[in-house]
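Here is what each chain is made of, one letter per residue.
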Amino acid sequence: MTPEEQDLVMGLAVAPCSPPTRTIDEVLAHFGESDGAALALRLLRDAMERQDADDVEMALIVHAAADASVEEFLEPLTELFPADWHREYEDIVRMLGRLRSPKTVPTLVLATRWVPEYLDWDENRALAVKAIWALGAIPGPETREALEGLRDDENEIIRENAVKQLARRGEL
């Protein structure tokens, strides 16, 4: 993506006390697309191929602005999550959590165990907690097993959140 295209996409972003300065229709017209989800997926795959962290962020902004479903993003997001060249781990966990699909369990479990370098300072393990809460919303025995495994984690925050989710699910 060119810097001008990145600026265009950034105009879709919503910030506190600052509404978007662009519409999804303007962005779609620029890229010659009529479907926001299709554009976001194309941009995401392209960013992954080039390992461009900034363009991953742009693709996720387009996805959000288009209010696109996460379903067709499952495969690229699970592939992207463990890559160490981007910084969208929390957004990926949030998106996968919205799916509430057993297919996301392995990636969400990984998110509880792995700390990206940029989050190394976070003693509260926010990424892991988000992943555990996402797991808690997914029905099925594989999720129960994952949460039970996290219940014995060496990290107290992970253990406590796993127990809370098991209790909430009535599986303690």
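To keep things clear, this report deals only with the structure shown in the data block. Please read these numbers as outputs of a predicted model, since none were measured by experiment.

## Observations concerning the packing of aromatic side chains
Then, number 1: According to the stated counting rule, one finds three aromatic pairs in the structure shown.
Then, number 2: Look at F81 and Y89: their rings are 5.5 Å apart centre to centre, the planes differ by 85°, and that puts the pair in the edge-to-face class.
Then, number 3: Residue classification places F81 among the buried residues on the basis of a relative accessible area of 0%.
Then, number 4: Y89 gets classed as buried once you look at its relative accessible area, which sits at 2%.
Then, number 5: With 4.9 Å between their ring centres and 75° between their planes, Y89 and W114 make a pair best called edge-to-face. Here W114 lies in the loop between α7 (105-113) and α8 (126-136) and Y89 lies in helix α6 (residues 89-99), a separation of 25 residues in the sequence.
Then, number 6: One aromatic cluster in this structure is built from F81, Y89 and W114.

## Some points on the pattern of salt bridges
Then, number 1: This structure, assessed with the given rule, holds 13 salt bridges.
Then, number 2: Note that R42 is salt-bridged to E33, the shortest N-O span being 3.2 Å.
Then, number 3: Note that E57 and R87 form a salt bridge whose closest N and O atoms lie 3.9 Å from each other. Residue E57 is located in helix α4 (residues 53-65), and its partner R87 is located in the loop between α5 (74-80) and α6; the two are separated by 30 residues in the primary sequence.
Then, number 4: Since its relative accessible area comes to 37%, R87 is described here as partly exposed.
Then, number 5: One salt-bridge network, in which partners are shared between bridges, spans D46, R50, D52 and D55.

## Quick word on helix α2 (residues 24-31)
Side chains of residues three or four places apart in an α-helix project in the same direction, reflecting 3.6 residues per turn.
Then, number 1: Regarding α2, the residues found buried are V27, L28 and F31. The arc enclosing the buried residues of α2, seen along the axis, measures out at 100°, which places them on a common side. The outward face of α2, more than 90 degrees from its buried face, is lined by the exposed residues D25 and A29.
Then, number 2: Tucked into the core, α2 has its buried residues touching α1 (3-10), α3 (36-50) and α4.
Then, number 3: Directly after α2, the chain includes G32, whose backbone phi takes a positive value near 70°.

About the thresholds
Residues numbered from 1 in each chain as written. Predicted model: local features only at pLDDT ≥ 70, side-chain atom pairs only at ≥ 80, totals over all residues. Heavy atoms only, no water. Phe/Tyr/Trp six-rings, centres within 6.5 Å; stacked < 30°, edge-to-face > 60°. Buried < 20%, exposed > 50% of the residue type's maximum accessible area, 1.4 Å probe, protein only. Helix = DSSP H or I, 4+ residues; strand = E, 2+ residues; numbered from the N terminus. Salt bridge = Lys/Arg side-chain N within 4 Å of Asp/Glu carboxyl O. Arc of directions from axis to C-beta. Contact = heavy atoms within 4.5 Å.

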